[in-house]
Structures are given as structure tokens and as C-alpha cells.
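Here is how the chains run, residue by residue.
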Amino acid sequence: MARDMTDPLVVVRARPLTADAFAPYGEVIAHQGTERRHFLTEPMRHGPQVARQACWVSRVNARAPGPVVIELMERHPYAAQSFVPLTATPYLVVVAPTRADGLPDMARLEAFLASGSQGVCYRVGTWHHGLTVLGGPAEFLVLMGQTGRDDDDEFWQVPAPHAVVSLPG
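The following paragraphs examine the structure supplied in this document. On a predicted model such as this, the values are computed, not experimentally measured, just so you know.

About the criteria used
- Numbering of residues starts from 1 in each chain and follows the order in which that chain's sequence is written.
- Local features in a predicted model are, by the rule used here, given only for residues with pLDDT of at least 70; side-chain atom pairs are given and counted only at 80 or more, and totals for whole chains, interfaces and linings are based on all residues.
- With hydrogens and water excluded, all non-hydrogen atoms of the structure serve as input to the side-chain values.
- Strands here are runs of E lasting at least two residues and helices are runs of H or I lasting at least four, both read from the DSSP assignment and numbered beginning at the N terminus.
- One speaks of a salt bridge when a side-chain nitrogen belonging to Lys or Arg is within 4 Å of a carboxyl oxygen belonging to Asp or Glu.
- Only protein chains enter the area calculation, which uses a 1.4 Å probe; residues under 20% of their type maximum are buried, those over 50% are exposed, and those in between are partly exposed.

## Observations concerning unusual backbone geometry
Alright, step 1. A cis geometry characterises the amide bond from Gly-136 onward to Pro-137, with omega recorded as -5°.
Alright, step 2. With respect to the helices and strands, the residue Pro-137 is situated in the loop between β11 (132–133) and β12 (138–146).
Alright, step 3. Even without a glycine there, the phi angle at Ala-88 is positive, about 55°.
Alright, step 4. One can find Ala-88 in the loop between β6 (81–85) and β7 (91–96).
Alright, step 5. The phi torsion at Asp-150 lies on the positive side, around 60°, for a residue other than glycine.

Below you can see the structure in the form of C-alpha cells.
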């Protein structure tokens, strides 16, 4: 969708991805602390509608231009969705809390810069922007529960333009 150049652009500044900052939306998949193992709670979380666990590798060929314009948000109402980078490529994580009417709260949109050694797990129902790499090509292991009914994804067209800035490079 082409942006109407008369619309004012809402600018969101990306900040480094940390477990604490991302906690309202899910988990950062990275070792934390000094113990041998760091257990994760979110990646396998799902509702009773989920019939199977799916796992695939996604490839993103092109580097995102800066600033990144956010035009579409998505969520997965029945299961968490996890992305684990396989190519050590930094990427952008854009999330928004859910409003009372179920739509994303774009006034509270947040953006994070993930290193190529950090994965993310979006909590069930978390609104997020699609996979956006800051170098390319890049590959990610994706894990998600599915219902088998082709209703695992919800998409929402952003009505006013938003852009993420402060991208490296």
C-alpha cells in the first residue's frame, strides 16, 4: 500500500531488545544468567484450539530500508509464535499492546533492535509487525501451534502511517 504523503508520519524510535523491555509481549530467546540452562515458558504456549505444532524456516532476502514504514500488523490468537535467527542477522521487532476493542494500540507501538543471537517469542495474541531484517539475506526457524482450520493469523491494516527510525547502518 502506498503511503499518502499528506498524512503526518508517526515516528517510533527503536531501542535495543532486552528481556525486561520485551516482557509485556513475550520472551527473548537467548541465554540469560549463569546457569547451564535458561528455560523458556512461552514458546509452546497455546489454547485448546491448537491441533498441531508447526516448525519451518523462513528466508528474508532483502534488507529493510530505513526508516521502516509500518503498514500491516498481525497476531496469532491461538498460539505463541517464535522466531530464532539462523544467520546471525540483526532484525527489527515491532509490537503493540491490544486495545479494549481487540485492535492494536498504535499510540503505544514499540520497536526493538534484535541482535542476530536473540530470538523472540510473541505471546499468544500479541500484535506485531512482520519479520524485518536489517541485513540480508537472513533465515529464521519459526515455531507455532496451528489449529488446522486456516485461522491462525489475523492481519490489520494500519490506518495512519508509522515509521521506525534509529536503525543501525
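Moving on from the model shown.
## Here's the deal with the pattern of salt bridges
Alright, step 1. As enumerated under the stated definition, the model contains six salt bridges in all.
Alright, step 2. Glu-110 serves as the salt-bridge partner of Arg-15, at 2.3 Å between the closest nitrogen and oxygen. Of this pair, Arg-15 sits in strand β2 (residues 15–16) while Glu-110 sits in strand β8 (residues 110–114); the two residues are 95 residues apart in sequence, bridging distant segments of the chain.
Alright, step 3. Since its relative accessible area comes to 37%, Arg-15 is described here as partly exposed.
Alright, step 4. Between Glu-154 and Arg-75 there is a salt bridge, with its nearest N and O atoms 2.9 Å apart. With Glu-154 in strand β13 (residues 154–165) and Arg-75 in strand β5 (residues 68–75), this pair connects stretches of sequence that are 79 residues apart.

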